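Reading the structure
Next come the chains, spelled out residue by residue.
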There are 2 protein chains.
Amino acid sequence: MSQSRYQRSDELLGRAERVIPGGIYGHQNPRFLTPGAFPCFLAEAEGCRVRDVDGNSFIDFMCGYGPIVLGYRHPRVEEAAQRQRRLCDTMNQPGEPLVELAERLVSITPGADWSLFGKNGSDVCTWALAIARAATGRELVAMVDDTYHGVHGWCNHVQTGFPDGDRSGIATFAWNDLGALEGIFADNPSRLAAVIITPFRHEALEDSQLPATGFLEGIRALCTKHGTAMIVDDVRAGFRLHIGGSTQCWRVTPDMICYSKALANGYPLSALLGGEALRTAAREVFVTGTFYTQSVPLAAALATVDELEACDAIGHMKRMGTRLGEGLLERASAAGFAVTISGPPSIPFMTFDQDGERFERSRVFAGTCAKGGVFLHPYHNWFISAAHDETTIDATLEVAEQAFAELRETKA
Amino acid sequence: MSQSRYQRSDELLGRAERVIPGGIYGHQNPRFLTPGAFPCFLAEAEGCRVRDVDGNSFIDFMCGYGPIVLGYRHPRVEEAAQRQRRLCDTMNQPGEPLVELAERLVSITPGADWSLFGKNGSDVCTWALAIARAATGRELVAMVDDTYHGVHGWCNHVQTGFPDGDRSGIATFAWNDLGALEGIFADNPSRLAAVIITPFRHEALEDSQLPATGFLEGIRALCTKHGTAMIVDDVRAGFRLHIGGSTQCWRVTPDMICYSKALANGYPLSALLGGEALRTAAREVFVTGTFYTQSVPLAAALATVDELEACDAIGHMKRMGTRLGEGLLERASAAGFAVTISGPPSIPFMTFDQDGERFERSRVFAGTCAKGGVFLHPYHNWFISAAHDETTIDATLEVAEQAFAELRETKA
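Values in this document were obtained by computation on a predicted structure and should not be read as measured data.

**Brief notes about the side chain of B:Ser115**
Secondary-structure assignment places B:Ser115 in strand E4 (residues 114-118). Overall, B:Ser115 belongs to the buried group, its relative accessible area being 0%. Once residues lying within four places of it in the same chain are set aside, the contact partners of B:Ser115 are A:Val19, A:Ile20, A:Pro21, B:Ala102, B:Leu105, B:Val106, B:Ala271, B:Leu272 and B:Leu273.

And the structure:
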């Protein structure tokens, strides 16, 4: 049954395995999903729905692992991109959208006086570290244990291939443990260039965790006191919680913000924003890439920001995520399962309280949802977009109810 | 005069300086060109021509610093991209173009059995080092002195912000000095994971240098003898010299090839290709990015490779570059200047033999050409595309003749 449902997808994976190490690499590797229960290759996307290469359709809650914040192929974004594309994209020099987007981001972001653009979240997180090091003349950077800040050597979760020296300037502390960070400052007087932190903890394979009262504020105060740059890695959460940067939800303004994913609704772009005090250092650090100033993604980002504001997307995603989370809690409870919904509503995640470290229940649940036409990840947070409405959330909850029921029979 | 010619460009630069460190950052920074003689912002591009925000038109020999190999907005590439765009681009899982492009590149590339895709040249050069280190269990990598392999800490030309530790695993030798590399191997028995090298030396601020007879072949033999991976950084030269990788011009097949720039005619994409012996290591190294498998650039790359083959673009660029180089030599000589044309014809560069380290003559010459409607860089190699034809080359030579004449008067 599952073989025929994903026959073309599986054939493509077979071809891929011959010419791509592992068939599919990185975060899209099929081993991260429930084998046999998910398509490995998709063919079409629109709004909050994707279709796989076998023609199966899904209500999608991964949004391309975050970038699709307004819905796939959003008309306003596509129109802006197409208008720009008819003129130019990659060139010797930037086009006007570079300036317009930098102005727009600076205007909506508390504490930001400048912006730089790259292509990956990894790019801008590493760039932020270099700027903090250049500004302070210090080398040490503090980050939360086992936090994903990209794939460069200093932070790659998998150390295979990266020399130990890549992590030599890094100290770590536990999420929400302000005392541990104070200890690092105390042990390294005048040595900390930066603290880099996500606005909430959103690691795969565990419940998401919001910042405890005073945690982000405490980091802000410590950084200010010690002349250390506070860097927020807002790559995953950015533009889903607050238009001015996610930590504004906790009234905390960092020294630098790293954006990517949702910034251009699927077009490849990342941005690093920072304050006046770091402008000179930002000018002295040399980072560039052939495609860093291509105009189409910058034009797409301008339209994305416009539309996020125009349709109150952030408020809408919060309402839809809340509806999803509450509905899942109800249906899990009715089926006799204790589940935890974690993270902010627009970047929700659900785990089964009794699940083992292999996430067996989540895998079966997500796999059954996939067969029912809903794309949820078994052990990575999900994403709501502005294209999810009450009808699609309610349809999702019906599929989830079925999946809880099937799971109960499996476990009975 | 020059103020009014670039008035809107200069205004934009003023706005940019308020919201972007340095106004324009990286390789497009206006300080790399002749101040006042070049536009800082472009607005339109088609074929081999670009137009700036003031409406000035140029025959362009920078090709976006390399990516535009078929000409800006090439109809066949744009059609393929648009067809894909109507279906999907960035998603949770890859689309079919991922597999098709990997198959296509493997099929045309001697020694390649697999391909991985990223967004920047920097990404794939660093990825290649990690794979070589994972495969060999060794850390040391040899590279040529002062070679640009991107902006990651191990190779960034400007060390500001990057800890010394980032370069700890790097040994360097001089271009074309095979003996020096032999010395590194001798001093570090069984310690070299990789040698990374460009197919020819194409650093800014100096004449390009082709490999001496036996240099690339010697590196190949040393790597094979010592179980070291030979990595070719073909980011800049790839797809202009040979469809199977630039070192095929010297009949040398490396263990890994890094591509970006011209691969997708301006769409953001990079690729790392390697042989069977490195497949397991390539699977074990975790590198990924949100946009690494987006379908539109992959579809654009497929169309680019098809068109490169269909129109014998590589042969055409060689002929056009030769016509340009010979024409410049003639006209320089007629005007009483000794110049050196260096590099392969399709990635040509010209320097004035009597020029100082500030490249004063080159700056004046390139600036005068810009005013005459030809975009040449004063101290970075140029790029020919398939859209340059005899008419545009000859028009360029007329402008160059004028520029040589004006330069002679300035110097007289």
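Once you've had a look at it, read on.
**Some words on the relation of the copies chain B and chain A**
Note on the copies: chain B fits chain A at an RMSD of 0.0 Å, the axial shift is 0.0 Å, and the rotation between them is 180°. Read as a symmetry element, the transformation amounts to a two-fold axis. The residues that chain B uses at the interface reappear at the interface of chain A in 100% of cases, marking a shared surface.

**Overview of the sheet that holds strand E2 (residues 49-52) of chain A**
Strand-to-strand pairing in sheets goes through backbone hydrogen bonds, with the strands running parallel or antiparallel. All names here are of chain A. With respect to topology, 4 strands assemble into an open sheet ordered E1-E2-E3-E13, the strand pairing being mixed. Because the sheet does not close on itself, it has two edges, and the strands there are strand E1 (42-46) and strand E13 (374-375). Pairing of E2 with strand E3 (residues 57-60), which is carried by 3 bridges, proceeds in the antiparallel orientation. Pairing of arginine 51 across the sheet is with serine 57, part of E3.

**What to know about the packing of aromatic side chains**
All names here are of chain B. With the rule as written, the count across this model stands at 28 aromatic pairs over all chains. Measuring from ring centre to ring centre gives 4.4 Å for phenylalanine 239 and tyrosine 259, while their planes differ by 35°; the resulting arrangement is tilted. Of the two residues, phenylalanine 239 sits in the loop between strand E8 (229-233) and strand E9 (256-259) while tyrosine 259 sits in strand E9, which places them 20 residues apart along the sequence. The same class applies to phenylalanine 239 as to tyrosine 259, namely buried.

**A word on the packing of helix H2 (residues 7-19) of chain A against helix H4 (residues 96-108) of chain B**
The interhelical angle for the contact between H2(A) and H4(B), taken along N-to-C directions, is 30°, at an axis separation of 9 Å. Classified by the angle their axes make, H2(A) and H4(B) are roughly parallel. At the point where H2(A) passes H4(B), the crossing takes the left-handed sense. Packed against H2(A), whose contacting residues are A:Arg8, A:Leu12, A:Arg15, A:Ala16 and A:Val19, the element H4(B) presents B:Glu96, B:Val99, B:Glu100, B:Ala102, B:Glu103 and B:Val106 at the interface.

**What to know about the nonpolar core**
A general feature of soluble globular proteins is that nonpolar side chains tend to end up buried together. Grouped together as the largest cluster of nonpolar side chains are 132 residues, with contacts concentrated most on B:Ile131, B:Phe365 and B:Phe404. With residues up to four places along the chain from it excluded, the contact list for B:Phe365 reads B:Leu328, B:Met350, B:Phe352, B:Leu376, B:Ala400, B:Ala403, B:Phe404 and B:Leu407. The next biggest cluster of nonpolar side chains, apart from the first, holds 131 residues, and it includes A:Cys125, A:Leu278, A:Phe337 and B:Phe162.

**Section: the side chain of B:Arg279**
Here B:Arg279 shows up in helix H8 (residues 279-284). Classification of B:Arg279 by relative accessible area gives buried; the value is 12%. At a separation of 3.0 Å, a polar atom in the side chain of B:Arg279 contacts the main-chain carbonyl oxygen of A:Glu17. Leaving out residues up to four positions away in the same chain, B:Arg279 has contacts with A:Glu17, A:Arg18, A:Val19, A:Ile20, A:Pro21, B:Asp113 and B:Trp114.

**As for the interface of chain B and chain A**
Counting from both sides, the interface comprises 96 residues of chain B and, opposite them, 97 residues of chain A. Of the roughly 8,500 Å² buried at the junction of chain B and chain A (both faces included), carbon and sulfur atoms supply 59%. Across the contact surface, chain B and chain A share 4 salt bridges. Mapped by element, the contributors of at least two residues to the side of chain B that touches chain A are helix H2 (7-19), strand E1 (42-46), helix H3 (75-85), H4, E4, helix H5 (121-136) and H8 of chain B. Class assignment for the residues of the side of chain B that touches chain A results in 50 nonpolar, 23 polar and 23 charged.

**Section: the confidence of the model for chain A**
The pLDDT averaged across chain A works out to 96; a share of 99% of its residues lies at or above 70. Both scores are given for the predicted complex: the pTM is 0.98, the ipTM 0.98.

**Digging into helix H6 (residues 178-187) of chain B**
Residue and element names in this part refer to chain B. Those residues of H6 not exposed but buried are Leu181, Ile184 and Phe185. In a view along the axis of H6, the buried residues occupy a sector of 100°, so they form one face of it. Exposed side of H6, more than 90 degrees from the buried face: Ala186 and Asp187 are the residues found there. Check the buried side of H6 and you find it contacts strand E5 (140-144), strand E6 (170-173), strand E7 (192-197) and helix H7 (215-226).

**Observations concerning the sheet that holds E1(B)**
If you trace the 4 strands from one edge of the open sheet to the other, you get E1-E2-E3-E13 (chain B), paired in mixed fashion. Looking at the sheet topology across the chains shown, the edges are occupied by E1 and strand E13 (374-375) of chain B.

**What to know about the packing of helix H6 (residues 178-187) of chain A against helix H7 (residues 215-226) of chain A**
Residue and element names in this part refer to chain A. As a packed pair, H6 and H7 sit with axes 10 Å apart at the nearest point and diverge in direction by 10°. Between H6 and H7, the angle falls in the class roughly parallel. Contacts from Leu178, Leu181, Glu182 and Phe185 in H6 reach Phe215, Gly218, Ile219, Leu222, Cys223 and His226 in H7. A class-by-class count of the residues in the contact of H6 with H7 yields 7 nonpolar, 2 polar and 1 charged.

**What about the environment of B:Tyr292?**
Assignment of secondary structure puts B:Tyr292 in the loop between H8 and helix H9 (295-310). As for B:Tyr292 and B:Thr90, which are separated by 202 residues in sequence, their C-alpha atoms are 8.7 Å apart. Setting aside chain neighbours within four positions, we find B:Tyr292 in contact with A:Tyr25, A:Asn120, B:Phe117, B:Gly118, B:Lys119, B:Asp123, B:Trp127 and B:Val287. Only 3.2 Å separates the side chain of B:Tyr292 from the side chain of B:Asp123, close enough to count as a polar contact.

**Details of the pattern of salt bridges**
Residues and elements named next belong to chain B. In total, this model carries 32 salt bridges over all chains according to the counting rule given. Among the salt bridges present, the one from arginine 104 reaches glutamate 309, with a minimum N-O distance of 2.9 Å. Taken together, the residues span a long stretch of sequence, with arginine 104 in helix H4 and glutamate 309 in helix H9 at a distance of 205 residues. For arginine 361, the salt bridge is made with aspartate 355, and the minimal N-O distance between the two is 3.6 Å.

**Some words on the pairing of E3(A)**
Residue and element names in this part refer to chain A. Between E2 and E3, which follow one another and run antiparallel, lie 4 residues, and glycine 55 among them has a positive phi close to 90°. Here 2 bridges tie E3 to E13, and the two strands are oriented parallel to one another. When the sheet's bridge partners are listed, aspartate 60 is paired in E13 with phenylalanine 375.

**Here's the deal with the state of the cysteines**
Under the counting rule described, the total for this entry stands at 0 disulfides over all chains. Cysteine A:Cys223 remains unbridged, with the sulfur of A:Cys258 as its closest cysteine sulfur at 13 Å.

Rules used in this analysis
- Chains are numbered independently. Their residues run from 1 in the order of the written sequence.
- Each chain takes a letter, starting from A, and each ligand takes a number, starting from 1, following the order in which they are written.
- At least 70 in pLDDT is required for a residue's local features to be given in this predicted model, at least 80 for side-chain atom pairs to be given and counted, and no such filter applies to totals for whole chains, interfaces and linings, which use all residues.
- Each side-chain value is derived from all of the structure's non-hydrogen atoms; neither hydrogens nor water enter the calculation.
- Helix and strand labels come from DSSP, where a helix needs a run of H or I of at least four residues and a strand needs a run of E of at least two; each type is numbered from the N terminus.
- Burial classes follow relative accessibility: with a 1.4 Å probe on protein chains only, a residue under 20% of its type's maximum area counts as buried, one over 50% as exposed, and anything between as partly exposed.
- Here, two residues are considered to be in contact whenever any of their heavy atoms come within 4.5 Å of each other.
- Superposing the copies works by least squares over the C-alpha atoms of residues that have pLDDT at least 70 in both of them.
- Any two strands with at least two DSSP bridges between them are considered paired.
- In summary, the pairing rule links any two rings of Phe, Tyr or Trp, Trp by its six-membered ring, whose centres are within 6.5 Å, and it sorts them by plane angle into stacked for under 30 degrees, edge-to-face for over 60 and tilted for everything else.
- Angles run from 0 to 180 degrees between N-to-C directions of axes, and those axes are lines fitted to C-alpha atoms, restricted for helices to the stretch in contact.
- Each angle gets one of four labels, with under 35 degrees taken as roughly parallel, over 145 as roughly antiparallel, 65 to 115 as roughly perpendicular, and the rest as oblique.
- With the far helix as reference, a near helix turned anticlockwise by less than a right angle produces a left-handed crossing, and one turned clockwise produces a right-handed crossing.
- Among buried residues, those of type Ala, Val, Leu, Ile, Met, Phe, Trp, Tyr and Cys that are joined through side-chain atoms within 4.5 Å constitute a nonpolar core.
- Identification of polar contacts relies on pairs of N or O atoms within 3.5 Å, with a donor-acceptor requirement for protein atoms, meaning one able to donate a hydrogen and the other able to accept it, and with residues adjacent in sequence counted only if both atoms are side-chain atoms.
- Accessible area that two parts lose when put together, with a 1.4 Å probe and added across both, is what the buried area reports.
- Any Lys or Arg side-chain nitrogen located within 4 Å of an Asp or Glu carboxyl oxygen qualifies as a salt bridge.
- Three residue categories are used. Nonpolar comprises Ala, Val, Leu, Ile, Met, Phe, Trp, Tyr, Cys and Pro, charged comprises Asp, Glu, Lys and Arg, and polar comprises the others, including Gly.
- Confidence of the prediction at every residue is given by pLDDT, a number between 0 and 100.
- The reported arc concerns the directions from the helix axis to the C-beta atoms and nothing else.
- Disulfides are defined in this document as cysteine sulfur pairs within 2.5 Å.

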